[in-house]
Amino acid sequence: MAVSTSPETPIPVGEVSRLIGGWIDRLGAVWVEGQITQLSRRPGAGVVFLTLRDPSYDISVSVTCYRQVFDKVADVVSEGARVVVHAKPEWYAPRGQLSLRAAEIKPVGVGELLARLEQLKKSLAAEGLFAAERKKPLPFLPQLIGLVCGRASAAERDVLENARHRWPAVRFAVRNVPVQGVRAVPQVIGAVQELDALPEVDVIIVARGGGSVEDLLPFSDEQLIRAVGAAVTPVVSAIGHEPDTPLLDLVADLRASTPTDAAKKVVPDVGEELARIGQLRERARRAIDGFVQREERGLAAALQRPCIQRPQRMVEDREEQVTALLARGRRTLGHLLDRADSELTHTLARVVALSPKATLERGYAVLQKPDGTAVRSPAEVAADEELRARVAEGAFRVRVDGPPDAAAPPA
């Protein structure tokens, strides 16, 4: 429970230390896994001192145990070994120091490590960290390559020498870090994140030479795997030799069997590229030559055609046809005009024959009343009625003499 304090009612340091010790005592014995970084076995001393470190989080804790507890595993445990310790947390109040009192120490064997790695592999695969669609393509010609490796290591030399042999102008940003041991994981993570933050770095290579399963264990650490999976820059894994398969190989965008293989996969060979360019130029030259030759043959064939050699022949061939068509058109038009003239003459004769004027010219007259209506019957006129007589040469007035004779025969 929280302790009630204030500036006016503080508690002594000893009391605080005592309370912390009480809280720690409530934890009880626990099983703890870690890597031994320091081991002190003083001759004649009944207590062995060691430091247990968590490589993933860079946290250490002091461990003490009786000599008879450590003697059971002394032949198989040394600095750098991974162990599981059954211990009870202890608080040393005078100096405010936390430690673990170990009652049992068990070394972590290779079989156990492999089993845990397999379990971690399945867990991370279920999250999709190893999915192929997450893989980023490598640039064809990286201008700056980030290299994470051990200082003055064979892996660094292999990558640099082979890459510069293949492409002399290639540049590297090298980050030397521990590649095994307790400080390897946090420093490799820091180096990858530092290089990933540089926009000029095109690809990152994490390289290490071969080693045992324990030596390569940092490259299967969960924190490192997640850091590489979160990187924006493509990452190439070049850990160990061909049979070695740390989990870093699965999350990386490209796996190289060795550091030398990483240099070959990341950097193109200048000789091969020059040869490829030469081949492409030769293919292009042949393609252009073939195209030009085909066009020349087509042009020569076109020039051999009669219409190109003597273009006026087409006009001459068509001249006779145009003349014949013109004469035919004139004849046809003449026939049509003659027929129309004849039809017009006949029509005019019929019109003249049927014209009232022609009748008048034969001596007939038309009698009209004052309103202009023609008289068609004697019954239409009365005695002494004045009429208008129209003849071929003009008109004159007449008067009806006597009553109309209805029995008179028609004229």
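A few words now on the overall build of the chain. A count of helices and strands for the chain gives 12 helices and 13 strands. The C-alpha atoms of the chain give 61 Å as radius of gyration, which overshoots the globular expectation for 411 residues (22 Å, by more than 25%). Along the three orthogonal principal directions, the C-alpha set of the chain runs to about 190 × 80 × 40 Å. Considering the chain as a whole, with its 411 residues, one finds that 30% of them fall into the buried category. Intrachain contacts of the chain at a sequence separation of at least 6 include 59% that bridge at least 24 residues. With 54 positive and 54 negative side-chain charges, the chain shows a separation of 3 Å between the mean positions of the two kinds.

All chains considered together, the criterion is met by 18 salt bridges. In this structure, the salt-bridge partner of Arg226 is Glu222, at a minimum N-O distance of 3.1 Å. Placement of the pair is Arg226 and Glu222 together in helix α6 (residues 222-229), with a separation of 4 residues, close to one helical turn. According to the relative accessible area criterion, Arg226 is partly exposed, its value standing at 30%. With relative accessibility at 30%, the residue Glu222 sits in the partly exposed group. Notably, a salt bridge pairs Arg255 with Asp249, separated by 2.9 Å at the nearest N-O pair. Judged by relative accessible area, Arg255 falls into the partly exposed class, the value being 25%. Asp249 gets classed as buried once you look at its relative accessible area, which sits at 7%. Look at the salt bridges and you will find they share partners, linking Glu282, Arg285, Arg286 and Asp289 into a network.

Attention now moves to the packing of aromatic side chains. What the rule picks out here adds up to 0 aromatic pairs. Taking the ring centre of Tyr66 as reference, the NZ or CZ of Arg101 above it sits at 5.1 Å.

Counting 30 residues, the largest nonpolar core has Val148, Val188, Val206, Phe219, Ile225 and Leu248 as the members making the most contacts within it. For this core, the elements supplying multiple residues, two or more each, are α3 (110-127), β6 (144-149), α5 (184-196), β8 (203-208), α6, β9 (235-239) and α7 (247-251). When residues of this core are assigned to their parent elements, the largest contribution, 6 residues, is made by α5. Setting aside anything within four residues of it in sequence, one finds Val188 in contact with Val148, Val177, Pro178, Val206, Phe219 and Leu224. By size, the runner-up hydrophobic cluster in this structure holds 19 residues, among which are Leu160, Ala238, Ala263 and Val266.

Moving on, we get to the confidence of the model for the chain. Per-residue confidence for the chain gives a mean pLDDT of 86; residues scoring 70 or more make up 96%. Within the chain, no element has a lower average pLDDT than helix α12 (residues 356-361), which sits at 72, and none a higher one than β6, at 95.

Within the closed barrel, the 5 strands sit side by side as β1-β2-β3-β5-β4. Their pairing is mixed. Averaged over all pairs of adjacent strands, the angle between their axes in this sheet comes to 55°, without regard to strand direction. The sheet contact formed by strand β3 (residues 59-66) and strand β5 (residues 97-107) spans 4 bridges and is parallel. Considered in β5, the bridge of Cys65 is made with Ala102. Helix-sheet contacts for helix α1 (residues 13-25) involve β4 (82-92) and β5, and the interaxial angle to β4 is about 140°.

Pairing of strand β12 (residues 386-391) with strand β13 (residues 394-399) involves 6 bridges; the strand directions are antiparallel. Bridge pairing links Ala389 to Phe396 in β13. Between β12 and the antiparallel strand that follows it, β13, lie 2 residues.

Further remarks concern the packing of α5 against α6. Packed helices, taken two at a time, are described by their axes: the angle between them and the distance between them. Across the interface, α5 lies against α6 with an axial gap of 10 Å and an inter-helix angle of 5°. One finds that α5 runs roughly parallel with respect to α6. Mapping the contact onto sequence places Val188, Ile189 and Gln193 in α5 and Gln223, Leu224 and Ala227 in α6. Residues belonging to the contact of α5 with α6 are distributed by class as follows: 4 nonpolar, 2 polar and no charged.

The topology assignment puts Thr37 in strand β1 (residues 30-40). Along the chain, Thr37 and Arg53 lie 16 residues apart, while their C-alpha atoms are 6.6 Å from each other.

This next bit is on a nonpolar patch on the surface. Taken together, Val3, Ile11, Val16 and Trp23 make up a surface patch of nonpolar side chains, about 300 Å² in accessible area. Assignment of secondary structure puts Ile11 in the segment before α1. Take Ile11: its relative accessible area is 31%, and that puts it in the partly exposed class.

Conventions and cut-offs
Residues numbered from 1 in each chain as written. Predicted model: local features only at pLDDT ≥ 70, side-chain atom pairs only at ≥ 80, totals over all residues. Heavy atoms only, no water. Helix = DSSP H or I, 4+ residues; strand = E, 2+ residues; numbered from the N terminus. Rg over C-alpha atoms; globule rule 2.2 N^0.38 Å. Buried < 20%, exposed > 50% of the residue type's maximum accessible area, 1.4 Å probe, protein only. Contact = heavy atoms within 4.5 Å. Lys, Arg positive; Asp, Glu negative; His and termini not counted. Charge placed at Lys NZ, Arg CZ, Asp CG, Glu CD. Salt bridge = Lys/Arg side-chain N within 4 Å of Asp/Glu carboxyl O. Phe/Tyr/Trp six-rings, centres within 6.5 Å; stacked < 30°, edge-to-face > 60°. Lys NZ or Arg CZ within 6 Å of the ring centre and 35° of its normal. Core = buried A, V, L, I, M, F, W, Y, C linked by side-chain atoms within 4.5 Å. pLDDT = per-residue confidence, 0-100. Pairing = 2+ DSSP bridges. Axes fitted to C-alpha atoms, helices over the stretch in contact; angles between N-to-C directions. Parallel < 35°, antiparallel > 145°, perpendicular 65-115°, else oblique. Nonpolar A, V, L, I, M, F, W, Y, C, P; charged D, E, K, R; others polar. Patch = residues over 30% accessible without salt bridge, like charges linked within 9 Å, V, L, I, M, F, W, Y side chains within 5 Å. Areas by Shrake-Rupley, 256 points an atom, 1.4 Å probe, with all protein chains shown as cover.

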